[in-house]
Every structure is written in structure tokens, then in C-alpha cells.
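Take a look at the letters that make up each chain.
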Amino acid sequence: MGNTKPSGLFLLWMGAAISIAEIVTGTLIAPLGWKNGLLAILIGHIIGCFVFLLPAGYLSAQQNRTAIQATKTVFGQQGVLLFSLLNALQLLGWTAVMIVNAQQAMNGLSKALFNYHSVFVMSLIVAVLIVVWLLMDHKWLFKVNNVIVLLLAIGMLLMLWTIIKEGRLQNSANLAPLSFGSAVELNVTMALSWLPLIGDYTQHTDRPFRTSMDSVCGYFIASVAMFSLGLFTVILTGQSDFTTVLSHSSMGMIALLVIVFSTVTTTFMDAYSAATNIANVVKTKAVNLIAVGVTVLGLLIALFVSMSYYQSFLSAIGAVFTPLFAILFVSVFLMRQRLSLPLNFIWWLIGFVGYSWLQKLDFFLGTTFFLLLVLGLGVYLTGLVTKKYPLMTD
């Protein structure tokens, strides 16, 4: 996407966080109540954004590589190819899921406002707008995107004000129980799902830390706001369906536009980054055209494939990136050397498998934080007793 000013990246990542998916995830935290819910949101985002910043955004900016290309430092070219393919699959899945989330919310509002409902039409509207974003000239893209994101932020504040004004504090005792650690993990996981993407946008800079920090801050502020909006929607209305709440409020049309354009500003990043990963594997510069293909394929998946399957798939793919960036962080920032390639891949596989097992422990700071500590310590101690090698910089 070329060299982009830090302020542009701040708004780009703010736009990425303003999405129906973040709000819906925030509604799941309501069983904790508003005090513990907000605490879980803040702790989860601090953990997630720390990893988001250093081993992903900053390392990419420092090396002028995408986040996946930066894994070559520790995992070699074999790792770049493997993680590029896995990341492309994850992002294709996210593209489909975001189209589904948007069309469901749009249809809910459209039926209440205009008595009109169409899965195909609503999905197609979102996909066409994503393609327009992808094909837009780079300079115009960021100018238009910045304006849209600012309008989305204003729209979300109005929606939050409406819910607070029209709602009343509800008893959360009747909601399904949720542990504090699980709530923290929901926040961490959402931030980590963006890990492989940030480097696609921070890699072209001469101010690595400033560019990375602005990107992460834009995401942090907007994402905390979106999770809080979902949390307070349930606490103040007693409704867990965010679309239902909006359809009965005075914000119907504004909410419909916010959902459409927030999905576009988020999903075009998924499609573009999926294309970037595919382009790295097949060695082509036609990234935008591949991204259009990813969007079309995502539309077909959204229309014809059960999303319950793909959400489970995305959860499994997400387990790839926590151990990956934990090993990258320890190797680059603590040891400044790497283990042998076989050892690194063994530790990554242990982390991938261990992610599901550690979820059963319900650690109060979430599974990801516990895995980062345990796996990072394991890699570091292994480095003390085995031969280490220089980081791969070519």
C-alpha cells in the first residue's frame, strides 16, 4: 500500500476496529457486569496490543517486510511459505465471516425500516463496496477512508449515547456465566487475529516505532470502544442481539450506514492482506487483482457455506499465531539469536497443540498470556542449553 503517514495508519486501524464483529464479541462479556467487564476489556486489549506492537508491527517496520515475511528471521523461507498460506486461508475465512455478519445486521435493520430482506442483495452490496475500496487509487483510498472512519467514529458515539439514554441498568444474573479469564481471552484473541496483517501496512516507513505505535493506538482506542458498546448494549437493554436493539432505537438509518461502511473499512484489509500473502508465494505484483478474487471467493463462501464450520476453522487457525509471534519475540528481542529451524518448528507445534489444552485451565489473564509466558520461557531456556544461530536477515 506504499508509504503511509502515521496519522493515516492511525485512522486506518481505527477503521479496522470499528466493526460489527467487535461489538458482537463485546456483548458476550455482559455476564461479568459493567465494572469487571470493562476491566477485562482493558486488560485483554493491553495484552493483545503489546504483541500486536512489538513482534508484529514494529519488527515489520524495522525490517521493511510484512509480518509474515519477518518470520523468516527465525523460521526461514519454509516458515514464510507455510505461514503465508495459513494466513491467506484465515483471512479468506474472515472475509466471508465479515460479509455474513454485515448482511445479517443489514437485513435485520432493513426489515424493520423498509420491510425488505435479501441475503444475496445485502451480501453483494458489501462485496461490491469492498472491491471499490480495493481498486481505488492509493492516495484517494486513504483520503476517502480517513473521512469515512471519522464519520463512523461519530456514528458509533451517537449509537452509544442513544443506548445509554434509552436503556436502563439490567440484571445480568440471568445471562450464561462467563469467567474473567475467558472474557480477557475474547479481547486478546480479537487483537491477535490482526497480528499477521499489521506488517502489510507498517513495512514502508522510516519511523518504525512511531508508525507501529500509531497503528496500534488507533486499533486500541476504537476496539475498546466497540467492545464497550457491545457490553453496555446488553447491560442497559437486556438484549444480546445488537441489531435488534438498533432496530428499535431512533438510530436506524445511521446504524445501517455505519454497519455497511465499517464492514468495508475492515474487510478490505483482510482481502488485501490475503492477496499479499498469496502474492508472496506465487511471486507476482498483481496484489489488488488477487484481492478482488479473494473478495469474490469470500462472497461465495458467505452465500453457500455454513458459517459455523468456518468460525471453528478460524479459531483453530488463530492458535497458529500466538506461538509463532511468541517465538519471534523471544528470539529477536531477548536472545537476539535463534534456535535451529527444527527446534523452532517443534516449539511452534507444541504451542499450537497446547493452546487448546491450556484453555481448560481458565487462567485469569487468559490462555494467550499464559501460553506466551510458558512458551517464551521454554524457548529462552532451550537457547541456554543448545546451540544458537544468527537471525536470518537476507
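Predicted, not measured: the structure shown is a model, and the values here were computed from it. (Residues numbered from 1 in each chain as written. Predicted model: local features only at pLDDT ≥ 70, side-chain atom pairs only at ≥ 80, totals over all residues. Heavy atoms only, no water.)

Trainee: Just checking my understanding: could you explain the overall build of the protein chain for this structure?
Mentor: Each helix and strand counted, the protein chain has 16 helices and zero strands in total. For the protein chain, buried positions account for 57% of its 394 residues. In the protein chain, once contacts between residues fewer than 6 apart in sequence are set aside, the share between residues at least 24 apart is 85%. Split by element, the accessible area of the protein chain, about 16500 Å² in all, is 68% carbon and sulfur. (Helix = DSSP H or I, 4+ residues; strand = E, 2+ residues; numbered from the N terminus. Buried < 20%, exposed > 50% of the residue type's maximum accessible area, 1.4 Å probe, protein only. Contact = heavy atoms within 4.5 Å. Areas by Shrake-Rupley, 256 points an atom, 1.4 Å probe, with all protein chains shown as cover.)

Trainee: Where do I start with unusual backbone geometry in this structure?
Mentor: Peptide bonds are trans in most cases, and residues, glycine excluded, mostly fall at negative phi. One non-glycine residue with positive phi stands out, namely Arg336, at about 55°. With respect to the element layout, Arg336 can be found in the loop between α14 (307-335) and α15 (341-359). Residue Arg336 is classed as exposed on the basis of its relative accessible area, which comes to 61%. You will see that Asp362, though not glycine, has its phi angle at about 50°, which is positive.

Trainee: Hey, could you run me through a nonpolar patch on the surface in this one?
Mentor: Residues Leu334, Leu377, Tyr380, Leu381, Leu384 and Val385 make up a contiguous nonpolar surface patch of roughly 610 Å² in combined accessible area. It is helix α16 (residues 367-385) that contributes the most residues to the nonpolar patch, five residues altogether. (Patch = residues over 30% accessible without salt bridge, like charges linked within 9 Å, V, L, I, M, F, W, Y side chains within 5 Å. Salt bridge = Lys/Arg side-chain N within 4 Å of Asp/Glu carboxyl O.)

Trainee: It is not clear to me how the nonpolar core should be interpreted in this structure. Could you clarify?
Mentor: As a rule of thumb, soluble globular proteins bury nonpolar side chains together. With 119 residues, the main nonpolar core has Trp13, Phe52, Tyr219, Met269 and Phe325 as its most contacted residues. When residues in this core are grouped by element, the largest group, 14 residues, is from helix α5 (residues 72-114). (Core = buried A, V, L, I, M, F, W, Y, C linked by side-chain atoms within 4.5 Å.)

Trainee: Would you explain the packing of helix α6 (residues 119-135) against helix α13 (residues 287-304) in this entry?
Mentor: The geometry of α6 relative to α13 is characterised by a closest axis approach of 10 Å and an angle of 170° between their N-to-C directions. Overall, the two elements α6 and α13 adopt an arrangement that is roughly antiparallel. Counted together, Val119, Phe120, Ser123, Leu124, Ala127, Ile130, Val131, Leu134 and Leu135 of α6 and Asn288, Ala291, Val292, Thr295, Leu299 and Leu303 of α13 form the full contact between these two elements. (Axes fitted to C-alpha atoms, helices over the stretch in contact; angles between N-to-C directions. Parallel < 35°, antiparallel > 145°, perpendicular 65-115°, else oblique.)

Trainee: Just checking my understanding: could you explain the packing of aromatic side chains for this structure?
Mentor: The full count for this structure, using the stated rule, is 13 aromatic pairs. Taking 4.9 Å as the distance between ring centres and 25° as the angle between the ring planes, the aromatic pair formed by Phe363 and Phe370 counts as stacked. Aromatic rings pair up to connect Phe50, Tyr58, Phe209, Phe329 and Phe333 into one cluster. (Phe/Tyr/Trp six-rings, centres within 6.5 Å; stacked < 30°, edge-to-face > 60°.)

Trainee: Help me out: how do you make sense of the pattern of salt bridges in this one?
Mentor: Pairing between side chains of opposite charge can happen when the charged atoms of each approach one another. According to the stated counting rule, one finds one salt bridge in the structure shown. The residue Arg210 makes a salt bridge to Asp214 at a minimum N-O spacing of 3.0 Å. Note that Arg210 and Asp214 are positioned in helix α10 (residues 208-237) at a spacing of four residues, about one turn of the helix. Judged by relative accessible area, Asp214 falls into the buried class, the value being 15%.

Trainee: How do you make sense of α5 when you look at a structure like this?
Mentor: Note on helix geometry: an α-helix contains 3.6 residues per turn, so any two residues three or four positions apart are oriented the same way. The terminal C-alpha atoms of α5, which comprises 43 residues, lie only 52 Å apart, well short of the 63 Å expected from a rise of 1.5 Å per residue. Maximum bend of α5: about 80°, positioned at Gln78. Immediately beyond the C-terminal end of α5, within one or two residues, lies Asn115, with a positive phi of roughly 60°. (Expected span 1.5 Å × (residues − 1). Bend = angle between axes of the 7 residues up to and from the residue.)

Trainee: I tried to follow the environment of Tyr116 on my own but got confused; where do I start?
Mentor: Assignment of secondary structure puts Tyr116 in the loop between α5 and α6. Here Tyr116 is in contact with Asn107, Ser110, Lys111, Val121 and Met122, once residues within four sequence places are set aside.

Trainee: Before we go on, may I ask you to explain the side chain of Glu185 in this structure?
Mentor: Along the chain, Glu185 falls in helix α8 (residues 180-192). When residues no more than four places from it in sequence are discounted, the contact partners of Glu185 are Tyr355, Gly366, Thr367 and Thr368.

Trainee: Is there a simple way to explain the environment of Gly33 in this structure?
Mentor: With respect to the helices and strands, the residue Gly33 is situated in helix α3 (residues 33-63). Gly33 sits in the buried class, given a relative accessible area of 15%. Distance in space between the C-alpha atoms of Gly33 and Leu231 is 8.4 Å, their sequence separation being 198 residues.

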